[in-house]
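Understanding the architecture of this molecule
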Amino acid sequence: MTALLLCFGISFSNAQSKDEKRKKRPTFSELVEKMDENKDGKISLEEVKGPLKEHFTSIDTDEDGFMSEEEFKAMPKPKGRRERSN
């Protein structure tokens, strides 16, 4: 019984950690560090990955082909999932 509770506690703790990480929006510096393949300090359409790639043209408001820190900060935050009420 103790082992079962311990396993449940670890699983629950890991699930919470994953949820917390998903909700935290990365900083622009973190994105540059992860995505800037040519190390020019910028994020281009060719380098961007994930949901940002789908919305890149609307994020790149000055249409220079790069996402700036100002453009990143100005983009709307993703909407969270709504909980269903029974």
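Just so we're clear, the structure is a prediction, and the values are computed from it rather than from any experiment. (Residues numbered from 1 in each chain as written. Predicted model: local features only at pLDDT ≥ 70, side-chain atom pairs only at ≥ 80, totals over all residues. Heavy atoms only, no water.)

1. Remarks on the nonpolar core
In this structure, Phe-28, Leu-31, Val-32, Met-35, Ile-43, Val-48, Leu-52, Phe-56, Ile-59, Met-67, Phe-72 and Met-75 together form the largest nonpolar core, which totals 12 residues. Broken down by element, this core gets its largest block of residues, 4 residues, from helix H2 (residues 28-35). Sequence-distant contacts of Val-48, that is, excluding residues within four places in its chain, are made with Met-35, Ile-43, Lys-53, Phe-56 and Met-67. (Core = buried A, V, L, I, M, F, W, Y, C linked by side-chain atoms within 4.5 Å. Buried < 20%, exposed > 50% of the residue type's maximum accessible area, 1.4 Å probe, protein only. Helix = DSSP H or I, 4+ residues; strand = E, 2+ residues; numbered from the N terminus. Contact = heavy atoms within 4.5 Å.)

2. Some words on the pattern of salt bridges
The tally for this structure, following the rule as stated, stands at 3 salt bridges. Among the salt bridges present, the one from Glu-30 reaches Lys-24, with a minimum N-O distance of 4.0 Å. Looking at Glu-30, the relative accessible area reads 33%, which means it is partly exposed. What makes Lys-24 exposed here is its relative accessible area of 58%. (Salt bridge = Lys/Arg side-chain N within 4 Å of Asp/Glu carboxyl O.)

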